[in-house]
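Each chain, written out:
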Amino acid sequence: MTSEDVLAPVSETEALRQQLLQAQRLSSVGELASSIAHEFNNILTTIINSAKLGSRNQNPAEKQVAFERIVKAGQRAAAIAGGMLGFARKGATHRQHCDIAQLVEEVLILTDKDLSKNRVHVETKFHARPVAWVVPGHIEQILVNLILNARQAMPNGGRLKIEVRDNVETDTAEIKVSDTGLGIAPDQLRMIFEPFYTTKQPDEYGRGGTGLGLSVCRQIIEQHHGRIRVESVVGKGSAFTVKLPKRLIDDPE
């Protein structure tokens, strides 16, 4: 047996793991697609109506207002499209110097319409803006998974709170995602990070019940040498706290 034969299974396992991460990422994009398409429709309506108003109105001040609305709507569309494409394509596995709060802000651009459509009020609290060496696309994937899970746990709407902290004592960046949803039963809590285990039933499109979201989250966090903790009370909601080391020994200066 050659050294290549010994290494082949490891490489194949890693390739399969990367495929799983990408498949789960695209699944999240699919869940957001309907809401984002609806938002694009609203943006186009604003652009068309403002363009008509600007072309017909002879008042320079009102023309300027119409053109400013067009620019603002176009910038919003560009931000959403850029975020969507970036999230779907971020397959790089190298770490970068990232503002963790900024990653939260970018993900909220993608999930904003989906959350508002489902009557979920979002509150963000950045106690600090810690910077960590992370794979940005992977951290965004964790955030999207946790946010979509929270929304699904609040079928009648509710409150989603996202906090970011800089824990100086442990030298970690902390993200806490909490909801006011259905909660998770104690006997299910120890199983939720297991592959293919889910507390949700899939919808009519087969989405939301694969049991891969939290399993992938745990894989990503472990690769970053971090930890994830969950607290939940049935009928009151759940809170997931992700702790990521800001630096590892082999990280560049």
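Residues numbered from 1 in each chain as written. Predicted model: local features only at pLDDT ≥ 70, side-chain atom pairs only at ≥ 80, totals over all residues. Heavy atoms only, no water.

### Quick word on the environment of R95
Stage number 1. Inspection of the secondary structure assignment puts R95 in the loop between α2 (60-89) and β1 (96-99).
Stage number 2. In terms of polar contacts, R95 uses its side chain to reach the backbone carbonyl oxygen of W133, at 3.2 Å.
Stage number 3. Here Q223 takes part through its backbone oxygen, which lies 3.0 Å from a polar atom of the side chain of R95. (Helix = DSSP H or I, 4+ residues; strand = E, 2+ residues; numbered from the N terminus. Polar contact = N/O pair within 3.5 Å; in protein donor to acceptor, adjacent residues only side chain to side chain.)

### Considering the nonpolar core
Stage number 1. Counting residues in each nonpolar core, the largest one holds 45 residues, and the members touching the most others are L160 and F240.
Stage number 2. The element that contributes the greatest number of residues to this core is helix α4 (residues 136-152), accounting for eight residues.
Stage number 3. Ignoring sequence-local partners within four residues, the contact set of L160 consists of L115, V120, H121, V122, E123, I147, A150, M154, V177 and S178. (Core = buried A, V, L, I, M, F, W, Y, C linked by side-chain atoms within 4.5 Å. Buried < 20%, exposed > 50% of the residue type's maximum accessible area, 1.4 Å probe, protein only. Contact = heavy atoms within 4.5 Å.)

### Concerning the packing of helix α3 (residues 100-117) against α4
Helix packing geometry: the angle between the two helix axes and the distance between the axes.
Stage number 1. The interhelical angle for the contact between α3 and α4, taken along N-to-C directions, is 35°, at an axis separation of 10 Å. The handedness of the crossing between α3 and α4 comes out as right-handed. Residue-level contacts link L103, V104, E106, V107, L108, T111, D114 and L115 of α3 to P136, I139, E140, L143, V144, I147, L148 and R151 of α4.
Stage number 2. Counted by class, the contact of α3 with α4 contains eleven nonpolar, one polar and four charged residues. (Axes fitted to C-alpha atoms, helices over the stretch in contact; angles between N-to-C directions. Left-handed = near helix turned anticlockwise from the far one by under 90°. Nonpolar A, V, L, I, M, F, W, Y, C, P; charged D, E, K, R; others polar.)

### A few points about the sheet that holds strand β6 (residues 227-233)
Note on sheets: strands pair through backbone hydrogen bonds, and any given pair is parallel or antiparallel.
Stage number 1. Across the sheet, which stays open at both edges, the five strands sit in the order β2-β4-β5-β7-β6 with mixed pairing between neighbours. The outermost strands of the open sheet, each flanked by one partner alone, are β2 (120-126) and β6. Averaged over all pairs of adjacent strands, the angle between strand axes in this sheet comes to 10°, irrespective of strand direction.
Stage number 2. Of the strand pairs in this sheet, β2 and strand β4 (residues 158-167) are connected by seven bridges, and their pairing is parallel. The partner of V122 across the bridge, within β4, is L160.
Stage number 3. Relative to β2, α3 is tilted by about 170°, and along the sheet it contacts β2, β4 and β5 (172-179). (Pairing = 2+ DSSP bridges.)

### So, α4
Stage number 1. Taking 1.5 Å of rise per residue, 17 residues should cover 24 Å, and α4 covers 24 Å from first to last C-alpha, within 8% of that figure.
Stage number 2. The buried fraction of α4 is high, at 15 of 17 residues. (Expected span 1.5 Å × (residues − 1).)

### Let's talk about the side chain of K246
Stage number 1. Within the secondary structure layout, K246 lies in the segment after β7 (237-245).
Stage number 2. For K246, a relative accessible area of 13% puts it in the buried group.
Stage number 3. In contact with K246, other than residues within four places in its own chain, are P130, V131, A132, W133, D166, D171, T172 and A173.

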